[in-house]
Amino acid sequence: MEHYLDNAATTRVCSAAVEAAVAAMTTEYGNPSSRHLAGSRAEGALKAHRAVIAKALGAKAEEIVFTSCGTESDNWAIHAAVELNRRRGKHIITTAIEHDAVLEPCRRLEREGYEVTYLKPDRMGNITVEQVADALREDTVLVSMMLVNNELGTILPVKEVSGLLKEKKSAALLHCDAVQGFLKVPFTVGELGADFVAVSGHKVHAPKGIGALYIKNGIRMPAMIYGGHQEGGLRSGTEPTAQIAAFAAAVEESAACFARERTYLEQLKKYAAEALTGQVEGLELVGDGKAPHILPVTLPGYKSEVVVRFLSDRGIFVSSGSACHKGKPSHVFAALNLPKKQLDGVLRISFCAQNTKEDVDALVLALKQAREQLFTSLS
Ligand code: PLP
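Quick caveat, the model's predicted, so the values are computed rather than measured.

Caption draft 1: Structural context of the side chain of Ser319. On the secondary structure map, Ser319 appears in the loop between strand E11 (316-317) and helix H11 (331-334). Each residue touching Ser319, except ones within four places of it in the same chain, is listed here: Asp6, Val308, Val346, Leu347 and Arg348.

Pasting the structure below:
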């Protein structure tokens, strides 16, 4: 039996999403731009699916644009914000613990002459609104802050930052990468007060290859792709109707049981934290992230890649950090200034509502074995 505990990397596609995708590919397969009945049926479905994503985010349907993934949404929002504010300045504020989907476009902008302030977290992985207040300048054109950190599970003060920007009458646009927060912690785009909010399908039981960007009404968004004027002319190209249908089905299902699943995940995370620290000698929790689905831990003295492989051989899947790092030390955990032994031993356990205590028990048992069997080779 396998135990998949890497849901922050990606999730299993739910049956409702599979069925919706199959229907979109086999029965409702028209092109939404076609002017015949098959086309208008596909167009109607697209409209309904957009409304589902909008509702889950507390947005208006016309504020949602479908993209290919969270990375695209993040890149687009960042480039759009600096373009829209190009006459106001060249300063950007973000955090040192953002996903590379935000950090890499920021680094590219640095090479083009922008100055980027990367706010550092404290030892627990928290960032405060005061840090943003201290960094904010007349020429700040963009603040990009994630809602939930993908490795630590910390919740960042996006709402407070939007309040600060209003209070200071700042012209800076606010982008929020909510890829790990969507349907995991409660929020609406109105509460966040962000101008852009990025989400991704494959983190919420939809297939890979679909994401969305919320663009606040009134923003004169520069187009991402030019062509046949789909997505309000902002992102041309025939819409991936199957992925969109699946995304909407997965979101609808998760949104319907959000409160129950959240409580369940909180309980499962607590159970896991207690079982792991109580039964696996030397294991420590990392940070105090409040997101219900992400639990970072460390087994000091044990290389996390080796432990991940050991667990994988036993059918237990966790991550040694962000899946995007592929063996490189994670910049997120490095930003916590953990001692090297702790840093090298970091593991990220991440849950979905289909996980059970049995998955946790299997992990605990395998980690105990890892301690015994890997001990001599590493001590
Ligand atoms: N932002 C965060 C916080 C993430 O965790 C991820 C994926 O791991 C992304 C952005 C990128 O999303 P996608 O894989 O859909 O491109």
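Caption draft 2: Molecular detail of the site of the ligand. Near the ligand lie 13 residues; those nearest to it are Thr71, Asp177, Ser200, His202 and Lys203. Asp177 is positioned such that a nitrogen or oxygen atom in its side chain is 2.6 Å from a nitrogen atom of the ligand. Side-chain polar atom of Lys203 to an oxygen atom of the ligand: 2.5 Å apart, as the coordinates give it. In isolation the ligand offers 390 Å² of accessible surface; the protein chains occlude 91% of this area. Element by element, the count of residues in the shell around the ligand is highest for helix H3 (residues 70-84), at three residues. Here the residues of the shell around the ligand are counted per class, giving three nonpolar, seven polar and three charged.

Caption draft 3: Looking closely at the pairing of strand E8 (residues 211-215). Within E8, five of the five residues are buried, which leaves the element mostly enclosed by the surrounding structure. Here E8 shows no split at all, with Gly211, Leu213 and Ile215 on one side and Ala212 and Tyr214 on the other all buried. With four bridges joining them, strand E2 (residues 64-67) and E8 adopt antiparallel strand pairing. Bridge assignment links Phe66 to a residue of E8, and that residue is Ala212. For strand E7 (residues 196-200) and E8, the ladder comprises five bridges, and the chain directions are antiparallel. Bridged to Ala198 within E8 is Leu213.

Caption draft 4: Layout of the nonpolar core. Counting 70 residues, the largest nonpolar core has Leu57, Leu147, Phe182, Phe187, Val197 and Phe247 as its most contacted members. Top contributing element to this core by residue count: helix H8 (residues 241-256), with nine residues. Taken domain by domain, the makeup of this core includes at least three residues from each of domain 1 (15-256) and domain 2 (257-373). Once residues within four sequence positions are removed from consideration, Phe187 is found in contact with Ala56, Leu57, Leu147, Ala178, Gly181, Phe182, Leu192 and Val197. Listed in part, the 30 residues of the second largest apolar core include Ala275, Val297, Val307 and Ala370.

Caption draft 5: Representation of the packing of aromatic side chains. A complete count under the given rule lists two aromatic pairs for this structure. Here Phe66 and Phe247 contribute two aromatic rings whose centre-to-centre distance is 6.5 Å and whose plane-to-plane angle is 65°, an arrangement assigned as edge-to-face. Placement of Phe66 in strand E2 and of Phe247 in helix H8 is noted, with a sequence separation of 181 residues between them. Here the basic side chain of Lys90 rests over the ring of Tyr114, its NZ or CZ set 5.1 Å away from the ring centre. In this structure, Arg314 packs its charged tip against the face of Phe310, placed 3.5 Å from the ring centre.

Caption draft 6: Molecular detail of the sheet that holds strand E9 (residues 284-285). Taken in spatial order, the three strands make up an open sheet running E9-E10-E12, and their pairing is antiparallel. Each edge of the sheet is formed by a strand with only one pairing partner; in this case those strands are E9 and strand E12 (346-350). Note: E9 against strand E10 (residues 294-298), two bridges, orientation antiparallel. The partner of Glu284 across the bridge, within E10, is Thr298. The strands touched by helix H9 (residues 258-279) are E9, E10 and E12; relative to E10, the strand with the most contacts, the crossing angle is about 10°.

Caption draft 7: Representation of the pattern of salt bridges within the structure. Within the structure shown, the criterion is met by 15 salt bridges. The salt bridge involving Glu83 is made with Arg86; its shortest N-O contact spans 3.6 Å. For Glu266, the salt bridge identified is with Arg262, shortest N-O distance 3.8 Å. Here the residue Glu266 and the residue Arg262 both occupy positions in helix H9, the gap between them amounting to four residues, near one helical turn. Through salt bridges with shared partners, a single ionic network connects Glu115, Arg137 and Asp139.

What counts, and at which threshold
Residues numbered from 1 in each chain as written. Predicted model: local features only at pLDDT ≥ 70, side-chain atom pairs only at ≥ 80, totals over all residues. Heavy atoms only, no water. Helix = DSSP H or I, 4+ residues; strand = E, 2+ residues; numbered from the N terminus. Contact = heavy atoms within 4.5 Å. Near = heavy atom within 4 Å. Polar contact = N/O pair within 3.5 Å; in protein donor to acceptor, adjacent residues only side chain to side chain. Areas by Shrake-Rupley, 256 points an atom, 1.4 Å probe, with all protein chains shown as cover. Nonpolar A, V, L, I, M, F, W, Y, C, P; charged D, E, K, R; others polar. Buried < 20%, exposed > 50% of the residue type's maximum accessible area, 1.4 Å probe, protein only. Pairing = 2+ DSSP bridges. Core = buried A, V, L, I, M, F, W, Y, C linked by side-chain atoms within 4.5 Å. Domains from an automatic or database assignment. Phe/Tyr/Trp six-rings, centres within 6.5 Å; stacked < 30°, edge-to-face > 60°. Lys NZ or Arg CZ within 6 Å of the ring centre and 35° of its normal. Axes fitted to C-alpha atoms, helices over the stretch in contact; angles between N-to-C directions. Salt bridge = Lys/Arg side-chain N within 4 Å of Asp/Glu carboxyl O.

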